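Working through the structure, step by step
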Amino acid sequence: FTTRRFTNSYAFWLIPLAVYMGARLGELSQLDLKDFVEIGGIPCIDINDIDVAEVVQGDGGKRKKVKNKNAKRLVPIHSELIRIGILRHVERLRQTDQQRLFPELSRKRRNGAADAASKWFQRFRKTAGVVAKQETVFHSFRHLFITNILDAGVSEHMLAPIVGHESGLITGKVYWNVKDATKRLPTVEVFGLPEGIRQRFPSIEEVTFTPRRGPHPGQTRTAVSSATS
């Protein structure tokens, strides 16, 4: 993020998405462009297990998966993700007839789209000198998001449907409108980073993608080149 040079799109987007959504690696890795929706004028990401037929066919029949029924959820997009250009990036992909947010990641591998992404993050950690086992993993971004919001005084009941936890309250199960982005957006926007860290995330227009020679594990040459378009 200091050099603003990346080998592919997921090496840039996965970390800020996890930081500002509290989403799991598997959920982010398998996002389709159709999952970017607008509810009541609010841009959101719909985390689901509903497949695009063309994607399933292209990935040898592999389908999207979520951890459990609570993991299916609607998450308003944080203003910082909009600032750095996630919606602009999605629109560019749509204009080139892509179906997936990360066309470089194949679901054909054993652990699906997250397989190559997980291996990439392990390499990234070592390069960055972050080596503490079980303490500094990709899931730490999710922990950061949840802890930050709870520490700000937001109730677990308000946070649970955003991060895919069961609220444990009947009011959350019965009366919460799953499409009510207006009520969820203020909770998402509670999350913030210190200014020095926030500025580490450049806008997509300031980033250069330079693919390595040859496909990465879990990628194809076509997918790698599409990430730079």
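How each quantity is defined
Residues numbered from 1 in each chain as written. Predicted model: local features only at pLDDT ≥ 70, side-chain atom pairs only at ≥ 80, totals over all residues. Heavy atoms only, no water. Salt bridge = Lys/Arg side-chain N within 4 Å of Asp/Glu carboxyl O. Helix = DSSP H or I, 4+ residues; strand = E, 2+ residues; numbered from the N terminus. Axes fitted to C-alpha atoms, helices over the stretch in contact; angles between N-to-C directions. Parallel < 35°, antiparallel > 145°, perpendicular 65-115°, else oblique. Contact = heavy atoms within 4.5 Å. Nonpolar A, V, L, I, M, F, W, Y, C, P; charged D, E, K, R; others polar. Core = buried A, V, L, I, M, F, W, Y, C linked by side-chain atoms within 4.5 Å. Buried < 20%, exposed > 50% of the residue type's maximum accessible area, 1.4 Å probe, protein only.

**Quick word on the pattern of salt bridges**
For the structure on display, the rule yields 16 salt bridges. Of the charged contacts in the structure, one is a salt bridge between Glu205 and Arg92, with a shortest N-O distance of 2.9 Å. Taken together, the residues span a long stretch of sequence, with Glu205 in the loop between helix 11 (195-198) and strand 5 (208-209) and Arg92 in helix 5 (residues 86-95) at a distance of 113 residues. When salt bridges that share partners are traced, they join Asp32, Lys34, Asp35, Asp51, Arg63, Lys64 and Arg107 into one network.

**Quick notes on the packing of helix 1 (residues 9-21) against helix 6 (residues 114-128)**
At a minimum axis separation of 11 Å, helix 1 and helix 6 run at an interaxial angle of 80°. What the angle tells us is that helix 1 and helix 6 run roughly perpendicular. For the pair helix 1 and helix 6, contact is made by Tyr10, Ala11, Leu14 and Ile15 and by Ala116, Ala117, Trp120, Phe121 and Phe124, respectively. Grouping the constituent residues of the contact of helix 1 with helix 6 by class yields nine nonpolar, no polar and no charged.

**Comments concerning the nonpolar core**
Among the nonpolar cores identified, the biggest contains 55 residues, and Leu17 and Leu101 are the most heavily contacted of them. Every element with two or more residues in this core is listed here: helix 1, helix 2 (25-29), strand 3 (42-47), helix 4 (79-84), helix 5, helix 6, helix 7 (139-151) and helix 8 (156-163). With eleven residues, helix 1 is the largest single contributor of residues to this core. Setting aside residues up to four positions removed in sequence, Leu17 forms contacts with Gly22, Leu28, Ile45, Leu81, Ile86, Leu101 and Phe102.

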